Amino acid sequence: MAHKGVELDVETFSCSICLDLLMEPVSVPCGHSYCMNCINGFWDEEGENKVSSCPQCRQTFTPRPVLVKNTMLAVLIEELKKAGLPAAPADCCQAQPEDVTCDFCTGRKLKASKSCLSCLASYCEKHLQPHYDVAPLKRHKLVAPSKNLQDNVCSCHNELLKVFCRTDQECVCHLCFMDKHKGHDAVSAEAARTEMQEAAQGSRKKIQKRIQDLEKEVDLLQQEMEAIDCSADQTVESILNIFEGLIQLIKRKSSEVQQHIRSQQKTEVSRVKELQETLLQEISELESKDSELDQLAITEDHIQFLRNCPSLSQLAEPTLSSTVDVRPLSYFRDVTPAVSNIRDKLQATLTQYWEDILMRVSKVDALLSEPVTRNDFLRYSCEITLDVNTAHKNLSLSNQDRTVTDEGYMRATWYPSNVERFTECVQVLSKETLTGRCYWEVGWSGDGVSIAVAYKNIDRVGSSETCVFGQNDKSWALHCHRHDHHFLYNNVKTTVSCYGSWRIGVYLDHRAGTLSFFGVSGDSYRNLTLIHKVQARFTQPLLAGFGSKRLNYSGGVEIYKLK
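Because the structure is a prediction, the values reported are computed rather than measured. (Residues numbered from 1 in each chain as written. Predicted model: local features only at pLDDT ≥ 70, side-chain atom pairs only at ≥ 80, totals over all residues. Heavy atoms only, no water.)

Caption draft 1: Layout of the environment of valine 75. Relative to the assigned elements, valine 75 resides in helix 2 (residues 71-83). Each C-alpha atom, one on valine 75 and one on glutamate 24, is 10.0 Å from the other, the two residues being 51 residues apart in sequence. (Helix = DSSP H or I, 4+ residues; strand = E, 2+ residues; numbered from the N terminus.)

In structure tokens, the structure reads:
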């Protein structure tokens, strides 16, 4: 009669407490076997006054059984060790420190395969089986193993968080909803997650659109660098051909011109490359946020989603303008004609033209060249009009919303209530957002005004520091008075020289992070005198702003139209 082979594995002869092969095996009265040290340690933890029980079947024993080594089982294990046992099943692996452990394993823990949002516990495959077999447990919500299950429990009532309070924007239990959140607008956590996920999808689309826009700008900057390099190379080649026929002195001058061009080329390429790197960094940050939102979208834990989604979905305004301001590709082209003009001149006239050559090299019209004269600044002049929806009730707008006058409390204008309106600070903001390079000029009269730029999210309600131009980290302001001027940012005051100018020019380079104020004077207002210049990091588009310092009810601010 043939005998069928008996298949045995490590799990058959493993202790259910330590999960290793039985060492000095003993059997308890119910028939289950354990290592001598493991079962004694388990019973020691239960306490001397408690009834001893079997860790597997939970049968109790009174008094505590006297354990004797199971000699036959010990010999069998030794023989099987010599013969070689097959490997343990994959699902019998122990949990590592970084893993979520099973809450029901005793002794050495197994790695959890699922977490239950109803039981607030994690289970290995063995202890999870009832959730597949028992009817009431089948309705429980199983998710990927999570270490944050206790975050789903109300700290006040020890109840599951199943309600999302829209009023307070937080997850609460049903008892909180009936108590502290009574009467609030609330929905189930699942419904709130659906709503918020739709908003998150909208944020993702905006992120992806901005990535595309920034990638286009990076390409434009790459073209700018190549054009600068190409123009510089062509100019150097032309100059070399001209200077080859000249005397040794002219060759020496040729070398000087080459060095000057290379220096200017290096400066311009360096500036453009820095801007390119800034855009690439922003692309990287946006892609990272997009990836986090993608991962969050597939999580099955509503509470974790609701807690993390608002911060990830919040999309800051772009730090740079939507287009790169690339001007006509002139660069170094004016240098070659200037050199050609003196090719046939005598050595005595060379010095006369030398300064002209160097000046033309320095005037390369590259992407990031800094304006110098008023005509340079006027190239960036922008239309600014005031937004009546933000104006304090004491302010009156006129001249197609380019002039603001403080009428005082007695002649206050009736404006409808508006969340964008300044309620206490006598201030107003522009309609237009400012990015890239912008220049505008204003005239002021009266006792004093504030000429400012501010983020759109500056506070509007009350008279606290969070609202006043220059007294917070959301606005930068030049405060002009009859006898002195001072600059204010984040409530830090910087006294500046007063030039007695009633006409102020403001230049903003959003990309470079510079804000400058000038006194405008002279015939046709050609002269600019720097009052103050500040370097900052603008993280959002800006709005122009103006504030009153009690203007005798006859003064105000006028935004000029620039030609």
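Don't stop here, the text continues.
Caption draft 2: Quick look at the sheet that holds strand 8 (residues 163-165). The strand order across the open sheet formed by three strands is 9-8-10, and the pairing between neighbours is antiparallel. With partners counted over all chains shown, the strands left at the sheet margins are strand 9 (170-172) and strand 10 (186-188), one partner each. Averaged over all neighbouring strand pairs, the angle between strand axes comes to 35°, with direction disregarded. Across the sheet, helix 6 (residues 189-243) is in contact with strand 8 and strand 10; its angle to strand 10 comes to roughly 100°. (Pairing = 2+ DSSP bridges. Axes fitted to C-alpha atoms, helices over the stretch in contact; angles between N-to-C directions. Contact = heavy atoms within 4.5 Å.)

Caption draft 3: Layout of the sheet that holds strand 15 (residues 448-455). Spatial strand order, 13-22-15-16-17-18: six strands in an open sheet with antiparallel pairing. Lying at the two open borders of the sheet, with one neighbouring strand each, are strand 13 (427-434) and strand 18 (492-496). Going from strand to strand, the sheet's axes swing by 20° on average, the running direction of each strand aside. As judged from the five bridges shared by strand 17 (residues 485-489) and strand 18, these two strands associate in the antiparallel manner.

Caption draft 4: The environment of glycine 547, seen in detail. Turning to its location among the elements, glycine 547 is positioned in strand 22 (residues 542-548). In sequence terms glycine 547 and glutamine 427 are 120 residues apart; their C-alpha atoms lie 4.1 Å from each other. Setting aside its immediate chain neighbours within four residues, glycine 547 contacts Val426, Gln427, Val449, Ser450 and Phe469.

Caption draft 5: How the structure looks around helix 8 (residues 302-313). When the terminal C-alpha atoms of helix 8 are compared, their 15 Å separation across 12 residues agrees well with the 16 Å that a helix rising 1.5 Å per residue should span. Every buried residue belonging to helix 8 is among Ile303, Gln304, Phe305, Leu306, Cys309, Leu312 and Ser313, and all of these are buried. Where helix 8 begins, the capping side chain belongs to aspartate 301, and its oxygen is found 3.0 Å from the backbone nitrogen of isoleucine 303. (Expected span 1.5 Å × (residues − 1). Buried < 20%, exposed > 50% of the residue type's maximum accessible area, 1.4 Å probe, protein only. Polar contact = N/O pair within 3.5 Å; in protein donor to acceptor, adjacent residues only side chain to side chain.)

Caption draft 6: Inspection of the pattern of salt bridges at higher detail. On inspection of all chains with the given rule, the structure shows 13 salt bridges. Here glutamate 195 and arginine 166 are joined by a salt bridge, their closest N and O atoms 2.2 Å apart. Pair noted here: glutamate 195 is in helix 6 and arginine 166 is in the loop between strand 8 and strand 9, with a separation of 29 residues, a long-range link. Of the residues examined, glutamate 195 reaches a relative accessible area of 39% and is grouped as partly exposed. Residue arginine 166 is classed as partly exposed on the basis of its relative accessible area of 27%. Across the pair lysine 431 and aspartate 401 runs a salt bridge, and its minimum N-O distance is 3.3 Å. (Salt bridge = Lys/Arg side-chain N within 4 Å of Asp/Glu carboxyl O.)

Caption draft 7: Quick look at the packing of aromatic side chains. Applying the stated criterion across every chain, the model contains 12 aromatic pairs. A centroid spacing of 6.4 Å and a plane angle of 70° characterise the contact between tryptophan 43 and phenylalanine 61, whose relative ring orientation is edge-to-face. Note that tryptophan 43 is positioned in helix 1 (residues 36-46) and phenylalanine 61 in strand 4 (residues 60-61), a separation of 18 residues in sequence. Between tryptophan 476 and phenylalanine 538 the ring centres are 5.0 Å apart and the planes differ by 80°, which places this aromatic pair in the edge-to-face class. Linking tryptophan 476 in strand 16 (residues 475-481) with phenylalanine 538 in the loop between strand 21 (527-535) and strand 22, this pair joins segments that are 62 residues apart in sequence. The class for tryptophan 476 is buried, based on a relative accessible area of 2%. Site record: aromatic cluster; members linked through ring pairs are Phe377, Tyr380, Tyr439, Tyr507 and Phe518. (Phe/Tyr/Trp six-rings, centres within 6.5 Å; stacked < 30°, edge-to-face > 60°.)

Caption draft 8: Seen up close, helix 1. If you check which residues of helix 1 are buried, you get Met36, Cys38, Ile39, Phe42, Trp43 and Glu46. On its buried face, helix 1 is in contact with strand 1 (25-27), strand 2 (33-35), strand 3 (52-53) and strand 4.

Caption draft 9: Examining the nonpolar core more closely. By size, the foremost hydrophobic cluster in this structure holds 48 residues, and its most contacted members are Ile239, Ile261, Leu306, Phe332, Val335 and Val339. Examining the composition of this core, we find that 17 residues originate from one element, helix 6, more than from any other. In this structure isoleucine 239 touches Ser254, Val257, Ile261, Val335 and Val339, once residues within four positions along its chain are discounted. Core analysis: the next-biggest nonpolar cluster, separate from the first, contains 37 residues, Val404, Cys438, Val442 and Ile531 among them. (Core = buried A, V, L, I, M, F, W, Y, C linked by side-chain atoms within 4.5 Å.)

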